[in-house]
Amino acid sequence: MAHTLNSFFERLMSGDEQAILIVVAAYFALMGLISLIFQLRILSWPMINGTLVHSDLSRWGATNFADEQDYEAEVKYRYRVNGKQYEGKRLSPWYMLVSANMRFLLRWQLARITRLTPEEVALFYNSSAPQKSYLIKPGKAGLCFTAAMVVLPGIYLISLI
């Protein structure tokens, strides 16, 4: 086993394409699995009403040209759990940083906030750690995409056996 592992690392360090693909596939499968488990846990978080203080797109990074600018969704909200006040800044477990041409994705994501009144929103918080919260729970499409990040590299790895 140790010889096989040493041989694999030698292949990897020499730039063997298959060894590199194995590492990349294993990385994506592992990170996808961790993300999938995290997203599934968020589905069980309770909902509570909160106050939306701010939601907009913000520029990210510096650039000389407008079409090269990157954007992210920026939110700020307040909520109370068991009499204690919290402030949140997380929109969704799916963090997106997009180019100027893809800002519509961030607007779509912001539109998924459940508004109860013009100021009040539904949010989801971790009952074990109430300071952790999101305005949007993972959806079916995101869960399927994440599952594909686990399954497809897994199929590739199994095909090598």
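To keep things clear, this report deals only with the structure shown in the data block. (Residues numbered from 1 in each chain as written. Predicted model: local features only at pLDDT ≥ 70, side-chain atom pairs only at ≥ 80, totals over all residues. Heavy atoms only, no water.)

**Here's the deal with the packing of aromatic side chains**
Here is step 1: Here the structure, examined in full by the defined rule, presents 6 aromatic pairs.
Here is step 2: Ring centres of W45 and Y134 lie 5.8 Å apart, and the angle between their planes is 20°; on these two criteria the pair is classed as stacked. Here W45, found in the loop between α2 (17-42) and β1 (47-60), pairs with Y134, found in strand β6 (residues 129-134); they are 89 residues apart in sequence, far enough to count as distant. Y134 shares its class with W45; the two are buried.
Here is step 3: An aromatic cluster is built from F38, W45 and Y134, whose rings are joined through pairwise contacts.
Here is step 4: The ring of Y134 has R90 sitting right over it, with the charged end atom 5.5 Å from the ring centre.
Here is step 5: Positioned above the aromatic ring of Y71, the side-chain terminus of R103 is 4.8 Å from the ring centre. (Phe/Tyr/Trp six-rings, centres within 6.5 Å; stacked < 30°, edge-to-face > 60°. Helix = DSSP H or I, 4+ residues; strand = E, 2+ residues; numbered from the N terminus. Buried < 20%, exposed > 50% of the residue type's maximum accessible area, 1.4 Å probe, protein only. Lys NZ or Arg CZ within 6 Å of the ring centre and 35° of its normal.)

**Things to note about the nonpolar core**
Here is step 1: Membership of the largest hydrophobic core comes to 22 residues, with the highest contact counts inside it found for Y79, L91, I113 and L135.
Here is step 2: Breaking this core down by element, the ones donating at least two residues are β1, β2 (70-81), α3 (103-111) and β5 (120-126).
Here is step 3: Looking at which element gives the most residues to this core, the answer is β2, with 6 residues. (Core = buried A, V, L, I, M, F, W, Y, C linked by side-chain atoms within 4.5 Å.)

**Details of the pattern of salt bridges**
Here is step 1: Applying the stated criterion to the full structure yields 2 salt bridges.
Here is step 2: E87 is paired through a salt bridge with K76; the nearest N and O atoms lie 3.9 Å apart. Of the two residues, E87 is situated in strand β3 (residues 84-88) and K76 in strand β2; the sequence distance between them amounts to 11 residues.
Here is step 3: Classification of K76 by relative accessible area gives partly exposed; the value is 26%.
Here is step 4: Between E87 and R78 there is a salt bridge; the shortest N-O distance is 3.4 Å.
Here is step 5: When its relative accessible area of 34% is taken as the criterion, R78 is described as partly exposed.
Here is step 6: Three or more residues are tied together by salt bridges with common partners; here these are K76, R78 and E87. (Salt bridge = Lys/Arg side-chain N within 4 Å of Asp/Glu carboxyl O.)

**Thoughts on unusual backbone geometry**
Here is step 1: Positive phi values are uncommon outside glycine, yet N82 reaches one of about 50°.
Here is step 2: Mapped onto the fold, N82 is located in the loop between β2 and β3.
Here is step 3: A relative accessible area of 80% places N82 in the exposed class.

**Structural notes on the side chain of N126**
Here is step 1: Mapping N126 onto the fold places it in strand β5.
Here is step 2: Here N126 falls in the buried class, since its relative accessible area comes to 10%.
Here is step 3: For N126, the side chain forms a polar contact with the main-chain nitrogen of S128, separated by 2.9 Å.
Here is step 4: Excluding anything up to four places from it in sequence, N126 contacts W45 and K132. (Polar contact = N/O pair within 3.5 Å; in protein donor to acceptor, adjacent residues only side chain to side chain. Contact = heavy atoms within 4.5 Å.)

**Here's the deal with the packing of α2 against helix α4 (residues 140-159)**
Here is step 1: Put simply, α2 and α4 touch, their axes get as near as 8 Å, and they point 150° apart. By the angle between their directions, the pair α2 and α4 is classed as roughly antiparallel. Our pair here, α2 against α4, has a crossing hand that is left-handed.
Here is step 2: Taken together, the residues of the contact of α2 with α4 sort by class into 16 nonpolar, 6 polar and no charged. (Axes fitted to C-alpha atoms, helices over the stretch in contact; angles between N-to-C directions. Parallel < 35°, antiparallel > 145°, perpendicular 65-115°, else oblique. Left-handed = near helix turned anticlockwise from the far one by under 90°. Nonpolar A, V, L, I, M, F, W, Y, C, P; charged D, E, K, R; others polar.)

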